[in-house]
Amino acid sequence: MEQNARRASSPSIAKVRLNAAIRRSFYGVKPSSVDSFRFLRCTYSSMYQLKQGLAALLACAAFATGREISFSDLDARGSSSGTVDFTQLASKLSPSAHIYLPGSDGFNSLVARWSNLSMPVANVVVVPGTENDVVQTVKFANAKYLPFLTVNGVHGSITTLGQMTHGIEISMKQLNSIKIAQDGQTVTIGGGVMSKNVTDTLWAAGKQTVTGTCECVSYLGPALGGGHGWLQGHHGLVSDQFVSLRVVKADGSLATVDKSSDVFWAMKGAGHNFGIVTSVVSKIYDIQHRNYALQTIIFSGDKVESVYELANKLWLTEGTIPEDLNNWSYWFFDPTLDTKPVIAMYLIQEGVDVVDAAYTKPFNDLGPIVTTPTSGTYLDLAKWTGISLSDTPCQKTGNANPRFPIYLKSYNPTAQRKVYDLFAQATTNASTPFSGALFMFEGYSTQGVRAISDDATAFAYRSDNLLVAPLLTYTPNGKALEDQAFKLGNQMRQILYEGSGQTSLNTYVNYAYGDETPKAWYGADKWRQDRLLSLKKNYDPKGKFSFYAPIA
Ligand SMILES: Cc1cc2nc3c(=O)[nH]c(=O)nc-3n(C[C@H](O)[C@H](O)[C@H](O)COP(=O)(O)OP(=O)(O)OC[C@H]3O[C@@H](n4cnc5c(N)ncnc54)[C@H](O)[C@@H]3O)c2cc1C
């Protein structure tokens, strides 16, 4: 298995860096004005509600005059960035834009993330109100030699994000419009829209499209890395729905990217590397099935081999995953269910109120601890799988949440046993920090994904069937614990890799830990790497978009 030398910085280091960055940002402020500056928030929209118009903008700018932020660090490209006066940027932004500085509630809430491992560090957060605000912010950052990072649903957890040690976070949250085309064939989705909002808006209009399954991840975050979702069996990945994108490029220029552009291919799988998407036009469909059924079948760990041998036989080695069925399983330790982690198999079928016996009976016959039917609609799927807005994965708990993903074609029951035993040991020993860990086996239906040719997009793993990853949630407590999680996660992944017989590590970039290589994120084929490198050289030669799984 290939791994590069990049290792995450520890949470404690990340925190120190954050504090240092915040302190640094105050160094250029006159001591007497620190407090007022601390709470400076150029909230132009609310001021405009008071109908003070330009005067408000000027007042905000005047308030900040002379209170400049000093960056003593070298920027990502090694040149000194000097002192930055953000009022210059403020004067170029629309009335609805916001600039949040360290110490403000807005800043604190926008830099908080789902995973506290190797977090990016920013000295300011800009919340554009318009597409042009994004353009102006990128141009400003470039003029000041400041790194910048697009921030959306803040569920990105790859440790390469920690390579951002200062600069501007550009929060997309205000670019949140969703507009269905009159012909009902496409929807225009703002660059900061969350998956749930896409689903709900389309649903109300009798439409649907492929989105990520979790309600609180953005629409575009998953999509730019390919994007898995419940409807991929019918229509392909989230990014397979792209018709065109509005993209702010590395130099701050704006482009419409569609099938006539060479970078369109790359936006569908490696898109984080190439620009800021301010909006996207995606294909939509009439709702095919409103009703869905779930069968949750919980097994004790002694059934590992039989459960996954059966899954292989039904769907992977002797059969194919039916288009109307998504099958996920989770392993987790719940002492109220068993003394060791349980296997929870979720069979999710569309268009029915009870999952077909043809799907459930073979599993029920294995002798589960409990088997439970549930019925509802497509809108219930996130809740059923524990990823709705009110569930833990949608909260910012302060935990570190590293995953160690691998794509597989089928299960190797021997490897499943070996990794289960390791997982059981790691989650149940008396002093374990990993009792809240979750092992995820995602078996989406694949017909729609495979219907598109393998080389059609930068997403490299259309012929794999399973997205598998341990999620080793823990409360950060220093470098030793971070190393322990890193070692354990890689040990688990290595067992599955060796059991797979694959010759290269296939990972999902959007679940990646960050120690993998570009070959693992984007495919080991030389032509893929060459094509991506060449596009990167043309579109982002200075690596402005290189904090998230950089191709180069
Ligand atoms: C609980 C949970 C459930 C998940 N479910 C799924 C799922 O069902 N399907 C799936 O495919 N993935 C899923 N993921 C993985 C998900 O794709 C990644 O975590 C993704 O990075 C989240 O995007 P975000 O916008 O929420 O996070 P952010 O951290 O805000 O963004 C991640 C990165 O995406 C890029 N980015 C985001 N928006 C834009 C934009 N408008 N323009 C340019 N770049 C942008 C930036 O590089 C940014 O660093 C899940 C993750 C979690 C934690």
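Here is what the cut-offs are and how they apply
- Residues numbered from 1 in each chain as written.
- Predicted model: local features only at pLDDT ≥ 70, side-chain atom pairs only at ≥ 80, totals over all residues.
- Heavy atoms only, no water.
- Helix = DSSP H or I, 4+ residues; strand = E, 2+ residues; numbered from the N terminus.
- Polar contact = N/O pair within 3.5 Å; in protein donor to acceptor, adjacent residues only side chain to side chain.
- Contact = heavy atoms within 4.5 Å.
- Phe/Tyr/Trp six-rings, centres within 6.5 Å; stacked < 30°, edge-to-face > 60°.
- Buried < 20%, exposed > 50% of the residue type's maximum accessible area, 1.4 Å probe, protein only.
- Lys NZ or Arg CZ within 6 Å of the ring centre and 35° of its normal.
- Pairing = 2+ DSSP bridges.

Chemist: I'd love a proper account of the side chain of threonine 432, names of residues and values included.
Modeler: With respect to the secondary-structure elements, threonine 432 resides in the loop between helix H15 (413-428) and strand S19 (438-443). Reaching out from threonine 432, the side chain makes a polar contact with the backbone oxygen of alanine 426 at a distance of 2.4 Å. In terms of polar contacts, threonine 432 uses its side chain to reach the backbone amide nitrogen of phenylalanine 434, at 2.9 Å. The contact partners of threonine 432, leaving out residues within four places of it in the chain, are Ala426 and Thr427.

Chemist: Outline the packing of aromatic side chains, supporting the account with residue identities and numerical values.
Modeler: Applying the stated criterion across every chain yields a total of 30 aromatic pairs. On the basis of an interplanar angle of 45° and a centroid distance of 5.5 Å, the ring pair of tyrosine 308 and phenylalanine 441 is categorised as tilted. On the criterion of sequence distance, the pair formed by tyrosine 308 in helix H12 (residues 304-316) and phenylalanine 441 in strand S19 is long-range, its members being 133 residues apart. Comparing tyrosine 308 with phenylalanine 441 shows no difference in burial state: the two are buried. Relative to phenylalanine 441, the ring of tryptophan 331 has its centre 4.7 Å away and its plane inclined at 50°; by these criteria the two rings are tilted. Taken together, the positions of tryptophan 331 in strand S15 (residues 325-332) and phenylalanine 441 in strand S19 put the pair 110 residues apart, joining distant regions of the chain. Tryptophan 331 sits in the buried class, given a relative accessible area of 0%. An aromatic cluster of three or more residues is present, and its members are Tyr308, Trp331, Tyr411, Tyr420, Phe423, Phe439 and Phe441. Of note, arginine 290 hangs over the ring of tryptophan 203, and the distance from its end group to the ring centre comes to 4.9 Å. Sitting over the ring of phenylalanine 274, lysine 536 keeps its end group 5.9 Å from the ring centre.

Chemist: Describe the pairing of S19, listing the residues and the values that go with them.
Modeler: Of all 6 residues making up S19, 6 are buried, and the element is well covered by its neighbours. The two faces of S19 match: Leu438, Met440 and Glu442 on one face and Phe439, Phe441 and Gly443 on the other face are all buried. As judged from the 5 bridges shared by S15 and S19, these two strands associate in the antiparallel manner. Note that in S19 the partner of tryptophan 331 across the bridge is phenylalanine 439. Relative to strand S20 (residues 466-471), S19 runs antiparallel, the two being bridged by 5 bridges. For glutamate 442, the partnering residue across the bridge sits in S20 and is leucine 467.

Scope: geometric values only; no functional claims are made or implied.
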